[in-house]
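Residue-level structural notes
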Amino acid sequence: MIIKQLRKLHLKINQKKMSVFMLTYEKQKKILSEYSEPTSMMERSFYQKKCQDKINGKIQTILYDIISMILFYPILLKLYIISDADNLQVNKADAVSLYDFDEKKLLPDSIKKEYRRIIYKDDISGCLDTTDIKFIKKIIFKYPFSFYFLIKNTIRIAMYSRLIKLYNPKAIISYAEYSFTSSVLTEYCRTKGVKHINIMHGEKLYNIRDSFFEFDLFYVWDKHYVDLFRKLRANGNQFILYSPECLTFRNSLIKKNIANIVDFKYYLAHPGKRDLKIIAESLRILSDKGYKIKVRPHPLLLDIDLILTYFNEDEIELAKDVTIEDSILNTNYVIAEYSTVLNQGFNSLKEIVIDDVTNPDNYEKLRELHYIMINKPHIKLSEIIKSEIKFNVKTN
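Small disclaimer: the values here were computed from a predicted structure and weren't measured.

Here the focus is empty space enclosed by the protein. Scanning the entire structure with this criterion turns up 3 cavities of 30 Å³ or more. Of the voids in this model, the largest cavity is the one considered here, and its volume is about 70 Å³. Along its surface, the largest cavity is lined by Leu 268, Ala 269, His 270, Pro 271, Leu 276, Pro 297, His 298, Leu 301, Asp 303, Leu 306 and Ile 307. Among the residues making up the lining of the largest cavity, the classes are represented as 8 nonpolar, 2 polar and 1 charged.

On to the environment of Asp 129, then. Inspection of the secondary structure assignment puts Asp 129 in the loop between strand 2 (118–120) and helix 6 (130–142). For the pair Asp 129 and Ile 82, spaced 47 residues apart in sequence, the C-alpha to C-alpha distance is 9.4 Å. A polar contact of 3.1 Å, which involves the side chain of Asp 129, links it to the backbone nitrogen of Thr 131. Within the structure, the side chain of Asp 129 is placed 2.8 Å from the backbone nitrogen of Asp 132, a separation counted as a polar contact.

To continue, consider the packing of helix 7 (residues 147–167) against helix 8 (residues 182–191). In contact at an axis separation of 10 Å, helix 7 and helix 8 are set at 35 degrees when each is read in the N-to-C sense. Relative to helix 8, the crossing made by helix 7 is right-handed. Facing helix 7, whose interface residues are Phe 149, Asn 153, Arg 156, Ile 157, Tyr 160, Ser 161 and Ile 164, helix 8 presents Val 184, Leu 185, Tyr 188 and Cys 189. Looking at the contact of helix 7 with helix 8 residue by residue, the class counts come to 8 nonpolar, 2 polar and 1 charged.

This part takes up a positive patch on the surface. Together, Lys 27, Lys 50, Lys 54 and Lys 58 line one region of the surface with positive charge. By the secondary structure assignment, Lys 27 is in helix 2 (residues 25–33). By relative accessible area, Lys 27 is classed as partly exposed at 43%.

The next subject is the pattern of salt bridges. For the coordinates displayed, the defined rule picks out 25 salt bridges. Taking the shortest distance from any N to any O, the salt bridge between Arg 44 and Glu 37 comes out at 3.8 Å. Between Asp 129 and Lys 165 there is a salt bridge whose closest N-O contact spans 3.0 Å. Placement of the pair is Asp 129 in the loop between strand 2 and helix 6 and Lys 165 in helix 7, with a sequence separation of 36 residues. The same class applies to Asp 129 and to Lys 165, which are both buried.

The interhelical angle for the contact between helix 4 (residues 58–81) and helix 6, taken along N-to-C directions, is 160 degrees, at an axis separation of 11 Å. The orientation of helix 4 with respect to helix 6, classified from their angle, is roughly antiparallel. Between helix 4 and helix 6 the crossing geometry is right-handed. Each of Phe 72, Tyr 73, Leu 76 and Tyr 80 in helix 4 lies in contact with helix 6, whose residues at this interface are Thr 130, Ile 133, Ile 136 and Ile 140. Its residues assigned to classes, the contact of helix 4 with helix 6 comprises 7 nonpolar, 1 polar and no charged.

Of the pairings in the sheet, the one linking strand 9 (residues 331–336) to strand 10 (residues 351–354) comprises 4 bridges and is parallel in character. Bridge pairing in strand 10 links Val 334 to Ile 352. In the sheet, strand 10 pairs with strand 11 (residues 379–380) via 2 bridges, with the strands oriented parallel. Across the sheet, Val 353 pairs through a bridge with Ile 379, a residue of strand 11. The parallel pair strand 10 and strand 11 is bridged by helix 14 (residues 360–368), and the resulting crossover is right-handed.

Moving on to the nonpolar core. When a protein is soluble and globular, its nonpolar side chains tend to lie buried together. One finds Ile 157, Phe 229 and Tyr 371 to be the most contacted residues of the largest nonpolar core, which totals 99 residues. By residue number, the principal contributor to this core is helix 7, which donates 14 residues. Not counting residues up to four positions away in its chain, the partners in contact with Tyr 371 are Glu 203, Leu 205, His 224, Glu 337, Tyr 338, Ser 339, Leu 342, Ile 354 and Leu 366. Core analysis: the next-biggest nonpolar cluster, separate from the first, contains 23 residues, Leu 268, Leu 306, Leu 381 and Ile 385 among them.

The subject of this paragraph is the packing of aromatic side chains. Per the counting criterion, the structure on display carries 30 aromatic pairs. Between Phe 213 and Phe 239, the aromatic rings sit 6.4 Å apart at their centres with planes inclined by 85 degrees, giving edge-to-face as the arrangement. Of this pair, Phe 213 sits in the loop between strand 4 (195–199) and strand 5 (217–220) while Phe 239 sits in strand 6 (residues 239–241); the two residues are 26 residues apart in sequence, bridging distant segments of the chain. Taking relative accessible area as the criterion, Phe 213 reaches 0% and is therefore assigned buried. Residue classification places Phe 239 among the buried positions, given a relative accessible area of 15%. Considering the side-chain rings of Phe 215 and Phe 218, the 5.9 Å spacing of their centres and the 65 degrees angle between planes classify their relative orientation as edge-to-face. Relative accessible area serves as the criterion here: at 1%, Phe 215 is assigned to the buried category.

Procedures and definitions
Residues numbered from 1 in each chain as written. Predicted model: local features only at pLDDT ≥ 70, side-chain atom pairs only at ≥ 80, totals over all residues. Heavy atoms only, no water. 1 Å grid on protein atoms, 1.4 Å probe; cavity = no way out; pocket = protein on both sides within 12 Å on 5 of 7 lines; lining within 4 Å. Points joined across faces, edges and corners; volume = space filled by probe spheres on them. Nonpolar A, V, L, I, M, F, W, Y, C, P; charged D, E, K, R; others polar. Helix = DSSP H or I, 4+ residues; strand = E, 2+ residues; numbered from the N terminus. Polar contact = N/O pair within 3.5 Å; in protein donor to acceptor, adjacent residues only side chain to side chain. Axes fitted to C-alpha atoms, helices over the stretch in contact; angles between N-to-C directions. Left-handed = near helix turned anticlockwise from the far one by under 90°. Contact = heavy atoms within 4.5 Å. Patch = residues over 30% accessible without salt bridge, like charges linked within 9 Å, V, L, I, M, F, W, Y side chains within 5 Å. Areas by Shrake-Rupley, 256 points an atom, 1.4 Å probe, with all protein chains shown as cover. Salt bridge = Lys/Arg side-chain N within 4 Å of Asp/Glu carboxyl O. Lys, Arg positive; Asp, Glu negative; His and termini not counted. Charge placed at Lys NZ, Arg CZ, Asp CG, Glu CD. Buried < 20%, exposed > 50% of the residue type's maximum accessible area, 1.4 Å probe, protein only. Parallel < 35°, antiparallel > 145°, perpendicular 65-115°, else oblique. Pairing = 2+ DSSP bridges. Right-handed = clockwise from strand over helix to strand, strands pointing away. Core = buried A, V, L, I, M, F, W, Y, C linked by side-chain atoms within 4.5 Å. Phe/Tyr/Trp six-rings, centres within 6.5 Å; stacked < 30°, edge-to-face > 60°.

See the structure below:
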């Protein structure tokens, strides 16, 4: 219960600090240069945590450490006391996945072939045994006063410990390059003879939140991301290139009869009132020119009441009603500031439009932060709005 409350508090505090534009490329590069080459997995995790401290700021970093100092040893003791390793019913699996990659069409074929039985578990309470405590003691000895580092690693180790006891897997599959616990967990898995595999599941920019990490294997969508993560000083030998099914919908074009083609569709991230107002004004200009427009809110960041103040109900497309595949196939132009959906649209032979109107400075920042789609053929939203040219649209 305490652990769940801590997670909620963490998400609430960090809600306003999620912007990838907080720190410039040069500032982040300077921060990375302050650290020597890691000599251990523990150091990799600690350096990643220190980089994230720079994003969070001193006040939040101190607050987290104070709260963690109070809670660390009680939680450590509780996780050890409730250990029920002798009573657990083992349900053998080849691999345990912490995200439903298969359902999201992100699971590589090579993993499906190697690990026939994959169990999906996204939330599980943890437990610690004596061996786990010995492992954690090494972290305490190395970083005795970094209580937030200690408590977060301990909670994740306890979770992995129970998963390994429950399923005796050959691998644990995650999407945790952003977590400073990732390298410590890779080391922990190795002590158990378990592979720690990571799978890319969303767009990436140059962001020191994703620095220094190491997995046994990390599946990424393009060589661009390998170069990006190496610049962020992640271990360079872990990467495997693959093209997930969810990134390309071209093969479906001949199978589907898509009606009601939309000319321009904007894929919203989490815009506030100011941004949403500008987006609405931009799309209204296109609508006044005779184009059919729609917006699709992010399914996890949906504020439908706010969106309805700027768009008619028939101009809003909801994820519960239309799959992302059908959504992309039934539009001619895919619009976003930066998003995986632009990559999907490009690979599905759609025209992609990058929004340089809502936050004009961000367009050049995206270039600095090595956004993959900036160097792909695209149109700026400002060019479409100002142009008197009739853009190529299809009815079906």
